[in-house]
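Notes for the structure review
Residue strings, one per chain:
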Amino acid sequence: MNRVIICPQLVRTSRPFLFQEAALPRLSRRALLTGAVAAASTAALSPTAARAAARPLGGARVVAETYVDSRTLDLTIDSPALANPAVKVRLLLPPGWTPTPTRSWPVLYLLHGAHGDHTNWTSSTDVASLAEDTGVLVVMPDGGRVGFYSDWWNYGHGGAPAWERFHLVELVRILEGRYGAGTRRAIAGLSMGGFGAMSYAARHPDMFRAAAAYSGVVHTTYIGPHAPSPWDGPGVVQNAFLEDALDPDVLWGDPISERERWAAHCPHDLAHRLKRMPLYLSCGNGKPGPFEPPGTPADTSLEPLLEITNRVFVDRLHQVGANVTANLYGPGIHNWPYWQRELHASFPLLMSAVGA
């Protein structure tokens, strides 16, 4: 059955609105987003992690390694940027990788969506087999339940959590210093992670060679026609925080009075900074598609608005002369089978960009 959350309208009106999640067979959408954590035993700190602990990089250090299987390695990191001694990062190791790497590999960062974690991509897609023979190191970091891949404003005080600093400074230093990560990087993500992929790529264009977003929140400052969804761009972000009983203003402040700060993270507003790399964007329209059984209700809120804002973003990318491939595929809800399909569709573009 559908789950309905009623909360105050976030922008421009005091009328209530509904956040309606599409019903899914057997598993709730929250369960799919969270994923099942693979069974694994935590090994004692390996020589690799011991060296990282002995020589902190950027203040962050690896405090444990967990081998889920022969190719899947979970890191536990003590991160000053997050004020978190146990943030998780999952690695899919390339062929030939050893605990003391003597070479470097190209890197694909995969970012999860809201209320997800570092296990989602391996538990909900076949990325492990897809990347098996590519020679790429796949990095799947925790991004917080509603971290939004940003250093939080915290009412002007800054400080933790600083997700952008963790991912692009602390984690990069650890991966390049201890785990054989090279400097040829691509980045992709879904929903909130799609925002992260495009925002990180736009804010740090020299770090990434390609970016992809699947059902991504790519226009966080969007105000405009958005029927049948009751939201606009700020409303999507703010509702995610309200679901976790958090004040949305901790992220970038009020979307009107702090408009410049919102724009400084918004992929649409930063489109001109994405001109030099190949991009891939995809989104459904909220109507049940090929992966849903008969009778599945339509998503009347999130995915329809994401389709509209993705179209606006694609138009803007064309205006600035960016190299963008877009698959706004019509029927399809906010669900993992579509994101796996789109990962496959975009994978050649991502791999070509990093030379894998």
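Now for a look at the structure at hand.

Cut-offs applied
- Residues numbered from 1 in each chain as written.
- Predicted model: local features only at pLDDT ≥ 70, side-chain atom pairs only at ≥ 80, totals over all residues.
- Heavy atoms only, no water.
- Helix = DSSP H or I, 4+ residues; strand = E, 2+ residues; numbered from the N terminus.
- Buried < 20%, exposed > 50% of the residue type's maximum accessible area, 1.4 Å probe, protein only.
- Contact = heavy atoms within 4.5 Å.
- Areas by Shrake-Rupley, 256 points an atom, 1.4 Å probe, with all protein chains shown as cover.
- Pairing = 2+ DSSP bridges.
- Axes fitted to C-alpha atoms, helices over the stretch in contact; angles between N-to-C directions.
- Polar contact = N/O pair within 3.5 Å; in protein donor to acceptor, adjacent residues only side chain to side chain.
- Core = buried A, V, L, I, M, F, W, Y, C linked by side-chain atoms within 4.5 Å.

As a further point, take the overall build of the chain. Along the chain, the regular secondary structure elements total eleven helices and eleven strands. Counting over 356 residues, the chain shows a buried share of 58%. When contacts within the chain are restricted to residue pairs at least 6 apart in sequence, long-range pairs at least 24 apart make up 70% of them. Of the roughly 13,800 Å² that the chain leaves accessible, carbon and sulfur atoms contribute 54%.

Right, let's talk about the sheet that holds strand β11 (residues 323-328) for a bit. The strand order β3-β4-β5-β7-β6-β8-β9-β10-β11 describes an open sheet built from nine strands, whose pairing is mixed. At either margin of the open sheet sits one strand with a lone partner, and together these are β3 (61-67) and β11. Taken pair by pair, the neighbouring strands of this sheet meet at an average axis angle of 20°, ignoring direction. Where helix α6 (residues 192-203) meets the sheet, its contacts fall on β6 (105-111), β8 (181-190), β9 (210-214) and β10 (278-283), and the angle it forms with β8 comes to roughly 140°.

Take N154: it is sitting in the loop between β7 (137-141) and α5 (163-178). N154 gets classed as buried once you look at its relative accessible area, which sits at 13%. Separated by 2.9 Å, the side chain of N154 and the backbone oxygen of G158 make a polar contact. In this view, N154 contacts G159, A160, P161 and V250; residues no more than four positions away in its chain are not counted.

Residues I77 and L91 are the most contacted members of the largest nonpolar core, which totals 74 residues. Formed by 29 residues, the second largest nonpolar core is a distinct cluster that contains A131, I333, W336 and A353.

Moving on, we get to the pairing of β6. Where burial is concerned, most of β6 is hidden: seven out of the seven residues are buried. The pairing of β6 with β8 spans six bridges and is parallel. Among the inter-strand pairings, V107 is bridged to a residue of β8, identified as R185. Summarising the sheet, β6 and β7 pair through three bridges and their orientation is parallel. By the bridge assignment, V107 is partnered in β7 with L137.

Glancing now at the environment of R184. Position of R184 relative to the elements: it lies in strand β8. For R184, a relative accessible area of 29% puts it in the partly exposed group. Taking the C-alpha atoms as reference, R184 lies 9.7 Å from V136; in sequence the two are 48 residues apart. If we skip the residues at most four places from it in the chain, R184 touches P106, V107, R209, V354 and G355.

Here A160 and P161 are connected by a cis peptide whose omega angle stands at 0°. Looking at where P161 falls in the secondary structure, it is placed in the loop between β7 and α5. The amide bond that connects A227 to the next residue, P228, takes the cis arrangement and shows omega of 5°. Here P228 shows up in the loop between β9 and α7 (233-243). Here S215, not a glycine, exhibits a phi torsion of approximately 50°, which is positive. Mapped onto the elements of the fold, S215 is located in the loop between β9 and α7.

Interpretation note: all reported values are geometric properties and have no functional meaning in isolation.
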